[in-house]
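Structural characterization, general
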Amino acid sequence: MGLPMSLAFSRYTIFCRDLAASLAFYRDTLGLVIVEEKTLSGPMAGGLLQLPACTMRIALLAADSDGPVIVGLFQISDTPLQQLQPPLGQPAHGQSALVLATDRFDALHAALVQGGYRFLTPPLAYPKPNASARTPAGLYREMIVYDPDNIPVSLMQIDPLPSSVAQPGADV
């Protein structure tokens with residue numbers, strides 16, 4: 001079997017083309033807060049990623065100033081990087097998505113529309129009448145939007161079920 005292992009989520013890292021555009025999305029539109037910013041330069045900056053010497057601007061973002069880091073934005077310059085062309089309009093094998101829970105679904109949707117961001121999935125709602133060990137019962141509202149690097153970002157809010165759905169035996 002092996003030794004027991006302990007792993008914990010640390011952050012979702014995005015190697016972004018344009019840090020300012022990514023900050024406009026994650027900070028200014030979604031409301032995440034920068035909790036740390038730094039710039040690394042030279043051979044050590046590239047060494048971790050098997051790159052030559054480069055400059056790496058890093059912004060770590062959290063839900064609030066005291067919260068754990070959720071997203072790390074890394075903009076690498078002074079060395080060329082390949083550009084991924086993720087599929088748009090549907091997911092693909094190997095593609096990742098960031099899923100964030102919110103309690104301001106409608107306001108985020110309005111801000112994303114106003115910002116001109118492209119959606120994979122416009123807002124939709126689906127009931128989950130029964131809680132499971134990991135997820136509560138509720139009316140799940142979800143939308144999937146592309147960030148400036150075309151990474152799908154799912155925004156989800158779980159509301160109480162309407163009484164007609166919450167009743168035992170109700171059709172779903």
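Predicted, not measured: the structure shown is a model, and the values here were computed from it.

The next subject is the UniProt feature "domain: VOC" (unreviewed entry) in the chain. The feature "domain: VOC" (unreviewed entry), as annotated in UniProt, sits at residues 8-158 in this numbering. In residues 8-158, helix accounts for 17% and strand for 41%; the two terminal C-alpha atoms are 24 Å from one another.

Turning next to the packing of aromatic side chains. Here the structure, examined in full by the defined rule, presents 4 aromatic pairs. Centroid distance F15 to F74: 5.8 Å. Interplanar angle 65°. Geometry classified as edge-to-face. Taken as a pair, F15 in strand β1 (residues 12-15) and F74 in strand β4 (residues 69-77) lie far apart in primary sequence, 59 residues in all. When its relative accessible area of 45% is taken as the criterion, F15 is described as partly exposed.

Below, the discussion takes up the domain arrangement of the chain. The domain architecture assigned to the chain consists of domain 1 (12-77) and domain 2 (98-159). Domain 1 and domain 2 are separated by 23 Å when their C-alpha centres are compared. Listed by partner, the interface residues are 14 residues for domain 1 and 15 residues for domain 2. Across the domain 1/domain 2 interface, buried area totals approximately 1200 Å², and carbon plus sulfur atoms make up 66% of it.

Read from one edge of the open sheet, 4 strands run β1-β4-β3-β2, paired in mixed fashion. At either margin of the open sheet sits one strand with a lone partner, and together these are β1 and β2 (33-42). Going across the sheet, the axis of each strand differs from the next one's by a mean of 15°, ignoring polarity. For β1 and β4, the ladder comprises 4 bridges, and the chain directions are parallel.

What follows covers the nonpolar core. Membership of the largest hydrophobic core comes to 25 residues, with the highest contact counts inside it found for Y26, L30, V71, L73, V153 and L155. Of all elements in the fold, only β1, α1 (19-29), β3 (54-62), β4, β5 (98-101), α3 (105-114), β7 (138-146) and β8 (152-159) reach the threshold of two or more residues within this core. Counting residues per element, this core draws most heavily on α1, at 4 residues. When residues are assigned to domains, this core turns out to be shared by domain 1 (12-77) and domain 2 (98-159), each giving three or more. Setting aside residues no more than four positions away along its own chain, Y26 makes contact with I14, G31, L32, L61, V71, L73, L98, D147 and V153.

Listed as buried for α3 are F105, L108 and L112. Down the axis, α3 shows its buried residues gathered within 65° of arc, on one side only.

Right, let's get into unusual backbone geometry. Phi is positive for D78, which is not a glycine, with a value near 75°. The class of D78 is exposed, set by a relative accessible area of 62%.

What follows concerns the sheet that holds β8. Judged by pairing direction, the sheet is mixed, and its 4 strands sit side by side in the order β5-β8-β7-β6 without closing on themselves. A strand with exactly one partner marks an edge of an open sheet, and here the two such strands are β5 and β6 (119-128). This sheet shows a mean twist of 20° between the axes of neighbouring strands, independent of strand direction. Packing of α3 onto the sheet brings it into contact with β6, β7 and β8, and relative to β7 it is tilted by some 20°.

Conventions we followed
- Residues numbered from 1 in each chain as written.
- Predicted model: local features only at pLDDT ≥ 70, side-chain atom pairs only at ≥ 80, totals over all residues.
- Heavy atoms only, no water.
- UniProt positions renumbered as here; feature names shortened; annotations may be inferred.
- Helix = DSSP H or I, 4+ residues; strand = E, 2+ residues; numbered from the N terminus.
- Phe/Tyr/Trp six-rings, centres within 6.5 Å; stacked < 30°, edge-to-face > 60°.
- Buried < 20%, exposed > 50% of the residue type's maximum accessible area, 1.4 Å probe, protein only.
- Domains from an automatic or database assignment.
- Contact = heavy atoms within 4.5 Å.
- Buried area = accessible area lost by both parts, 1.4 Å probe.
- Pairing = 2+ DSSP bridges.
- Axes fitted to C-alpha atoms, helices over the stretch in contact; angles between N-to-C directions.
- Core = buried A, V, L, I, M, F, W, Y, C linked by side-chain atoms within 4.5 Å.
- Arc of directions from axis to C-beta.

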